[in-house]
Structure formats: structure tokens, C-alpha cells
Amino acid sequence: MSKRFNRPSRSAVIPLAAVSALVAGAALTGCGQQRDSSVYTVLNSSTDETYHRWDAQAMARCSRRLGVTVEQQSVPAAQVMTKALRMASSRSLPDIVQFDASEMPTFAEAGGLVDLRTLGLGTEDIPRGIVNFGSYKGTYYGAARSVNTLALFYNKDVLHRAGLKVPATWAELRETAKKLTRGKRYGLALSAGGAEDGVFQFTPFMWSNGGDETRLDGPKVVQALDYWKSLLKDGSLSKSTVGWTQADVNDQFMAGNAAMMINGPWQVETLNTDKSLHWGIARIPVPRAGDKSVGPLGGAVLTVPNTGDRRRERMAGKIVACLAGEKEQLTYALNSWMVPANEKAAAVWRKRVPELDALADQVATARSRTARLGAGWTGVSLALQSAFQSALTGQSSQAALQRAQQRATSGN
């Protein structure tokens, strides 16, 4: 996923039974291969040159602090799970795996991860939502260095020329998007593509409206999808929305083909390359004034695989504690434009990047996609992806979501 690895990844869907068999075998038989006792490996998705360099620098600092060598092995985000499973099957699991948080429950459910609290990692300065983000069934398996969520990005110049304020409710967003749609420019761009990107972008509308992933055909979820359909009917969204990723959405916004967009902070570095583009961010509009804007927490978590080698696991825990410590979090977040998971680091971050203050506010009310369903989220995500494609190309939202609920329940 390149430098955008903190957005939702397109992960391979792997049966839990297969995961369980592989990770159980790895834990029962130990590491399998003889390793250098002073070299520790982190499997991550930092394939982009800048992220790889930032991680290398952080690992070098932690190496010096702990007296060991920490190296990273980077693969594309969609391959982290399959790579970890291959390594488990050959009993060569790395000491630390950085999973997308939506993938972590699958490995945890199979017994493949160590409780970080048993390795000395505390959660005192981490908001409850972010602790839950790295937890499965109440056990803290994944430490986040930074988190992200979605926000409403808008072109300041376009809104100013139109004499319009930044919308805060669904009604205002619909009306503003309609007024800003002119010629080749759409009022709003968002991703409704048939992948996790689209589901990630739908959750703020579903959750802020009181919808629930445990009942996809519930009236609040139907209303949220109907709202998306209304924007499409107005002509405020491009018909290509059903095929766009979040990167595509950002490209449209930067090209002047959209006055507003739903997107995340992983786009900021690219947005800032165009000095003539004056953009701002706000919370994602809510159904009614006074409602809470609830977005999805995104990002990755550092985990320690259960290899059976307790000595190495303890040192791996110290490495995770260093990489996810307050100082390293702030450095990483300032580089990547993400929000630090640690409350003290986040307070400093707000002062350093005040233009992203609304993003920190949105993170404060965000929640994990897997908080309620754990490893079952994958099935719901796939079902929703299919529903978007059907509903936005003609089928009723009710019918599309009834089918999605059936798919999520049956697994077909």
C-alpha cells in the first residue's frame, strides 16, 4: 500500500482454522531456526522509502537504548498476514509483527500473540478507544504508535468564492455539495469502491446515525446508505465513486474535480506538494446538529508473536515499548501526519500541527472496526462492499443490505 499503509489494507481472507493450525504449530515447536541472540526482526508494511527510513531511524534509536540490533523486513500491507503465516509454518516467525489493526484479531483468536501487559507494557496514558483498538476480547495484544481516522477535507478558496460555510450536518453537506457541483467539478468525492476503503468511509455515516455492524439491514444503516445514494442522485458525487479508492479520491480533489472529500491524514504529505491548493479539514458531518461524529480508527499495531521463546518475547516487548513510547510516537506522528496514540504526545502534537486539530477531535470519538465483531469483521466488510456496488448502481438500499446481512451471517 506504499506510504498509505495506515489506511485500511486489502488483506487476504484466510480461514481462521488455517491460521490456528499454523500459529499453534509455531508456538508449540518454538522458533525452529537458530537465531542471533542480539538481532531482532520486525515484520511491517513500510515499503515506501520515506516510511522505511523513518522506521529504520526509530529502530536504530531503540537498538542503541536496549543494546540489541533491531531490523525491519517490509512487505506490502496486503501481504503481512500471509507472510506471517508462511513464517509460522516454517517456525521462523519474526520477533514483532506490525499488523493492520483489523487483521490483528485473526492472529490473536488463533492464539498467536502474547499479551503485552505480561511483557510490561502499560496503557495508562492511552485513551480507552485506542486500547480497545489494540485489544481482542479484553486482552491487550497490539500497541499503536499512531492512529488515524477520516475527516472532511475542503477547498477553502472554492467555498469562499461560493460564499458557503463548512457543512456540519448531512443536510448542510448535501446542500453545499449541490451548490459546489459545477461543470467538471463535483461537490464531494468519497470512496465507495469494492474494497475496505469503501467500508472504512461508510462507517462514519453508519455509526454517526446509530447504525450497527451487527445488523446491516437495520433502518439506521439503510438510512446511511440512502444518504450516499441521495448525493449520487443529486449529481454531487461522480458515478465513478463505486470504483474509487481513497487515493483516487485524493487525486480528484487535488485536480480540482472535487470541492470537498472524505479522506485521511495519510494524504496530507501529497496535498502539501501543491502550494496553490488551500485546504482545510473539519469533522465529518452528522445526521443532526448535536450528534456525535463517530469515525473509524485506522492504523497499525505492534504485536509480539507467541513463539515459545520467552527470553526473546520479553526483549521484543521492550522493543515495542520503545517504538510505541511517548517520544518515538511524537516523532513518528509528526513525520506521518498521524495522531499519536499516547495522550501526552497527542497534546504536544496538537500544538505543533494546529491545522489538523479537527482530526484529533475526530480521533477522540472514533472506534475500532473490530471492537464488536473481532475476527468476524472481515465477513461484514466483504458483505458491505457488495452492497455498495448493488445499491449505488440501482438496487434499493434495503434489498442490498438485506443481502449483505445474509452474506455476513452465512459466510457466503
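### As for the overall build of the protein chain
Check the secondary structure of the protein chain and you find 17 helices and 12 strands. Taken over C-alpha atoms, the radius of gyration comes to 21 Å for the protein chain, in line with the 22 Å a tight globule of 412 residues would show. For the protein chain, the spread of C-alpha atoms along the principal axes amounts to about 65 × 50 × 35 Å. Per-residue burial over the protein chain gives 57% buried out of 412 residues. Taking contacts inside the protein chain between residues at least 6 apart in sequence as the whole, the part at least 24 apart equals 76%. Accessible area of the protein chain: about 15900 Å², with a carbon and sulfur share of 49%.

### Describing unusual backbone geometry
Look at Lys137: it is not a glycine, yet its phi comes out positive at around 50°. With phi around 70°, Trp337 is a residue other than glycine that occupies positive phi space. If you trace the backbone, Trp337 turns up in the loop between α13 (326-336) and β12 (339-340). Judged by its relative accessible area of 18%, Trp337 is buried.

### Quick notes on the state of the cysteines
Here the structure, examined in full by the defined rule, presents 1 disulfide. The disulfide that involves Cys62 links it to Cys322, with 2.0 Å between the sulfurs. When the S-S torsion is -90°, as for the bridge of Cys62 with Cys322, the disulfide is left-handed. Taken together, the positions of Cys62 in helix α2 (residues 49-66) and Cys322 in helix α12 (residues 310-323) put the pair 260 residues apart, joining distant regions of the chain.

### Describing the sheet that holds strand β7 (residues 151-155)
If you walk across this open sheet you meet the 4 strands as β8-β9-β7-β10, and the pairing is mixed. This sheet does not close on itself; its edge strands, each paired only once, are β8 (186-189) and β10 (279-282). In this sheet, adjacent strand axes meet at a mean angle of 20° when their direction is disregarded. Inspection of the sheet shows β7 paired to strand β9 (residues 258-263) by 4 bridges, in the antiparallel sense. Residue Leu152 lies in a different strand from β9, and its bridge partner there is Ile262.

### What to know about the confidence of the model for the protein chain
When pLDDT is averaged along the protein chain, the result is 90, and 92% of the positions lie at 70 or above. Every residue in residues 1-6 is under pLDDT 50, and counting partners more than four places away or in other chains gives 31 contacts. This stretch, residues 28-32, has a pLDDT under 50; its non-local contacts, to residues over four places away or in other chains, come to 8 contacts.

### Quick notes on the packing of α13 against helix α14 (residues 343-352)
It is at 9 Å that the axes of α13 and α14 come closest, and there the two elements cross at 35°. Two packed elements cross with a definite hand, and for α13 against α14 that hand is right-handed. Contact with α13, carried on its side by Glu326, Gln329, Leu330, Ala333 and Leu334, involves Lys344, Ala345, Val348, Trp349 and Arg352 of α14 and no other residues of that element. Partitioning the contact of α13 with α14 into residue classes produces 6 nonpolar, 1 polar and 3 charged.

### Focus on the pairing of strand β2 (residues 69-74)
Strand direction decides the pairing type here: strand β1 (residues 39-44) and β2, joined by 6 bridges, are parallel. Counterpart to Val42 in the pairing with β2 is Gln72. Read from β1 through α2 to β2, the crossover connection turns out right-handed.

Calculation criteria
Residues numbered from 1 in each chain as written. Predicted model: local features only at pLDDT ≥ 70, side-chain atom pairs only at ≥ 80, totals over all residues. Heavy atoms only, no water. Helix = DSSP H or I, 4+ residues; strand = E, 2+ residues; numbered from the N terminus. Rg over C-alpha atoms; globule rule 2.2 N^0.38 Å. Buried < 20%, exposed > 50% of the residue type's maximum accessible area, 1.4 Å probe, protein only. Contact = heavy atoms within 4.5 Å. Areas by Shrake-Rupley, 256 points an atom, 1.4 Å probe, with all protein chains shown as cover. Disulfide = S-S within 2.5 Å. Pairing = 2+ DSSP bridges. Axes fitted to C-alpha atoms, helices over the stretch in contact; angles between N-to-C directions. pLDDT = per-residue confidence, 0-100. Left-handed = near helix turned anticlockwise from the far one by under 90°. Nonpolar A, V, L, I, M, F, W, Y, C, P; charged D, E, K, R; others polar. Right-handed = clockwise from strand over helix to strand, strands pointing away.

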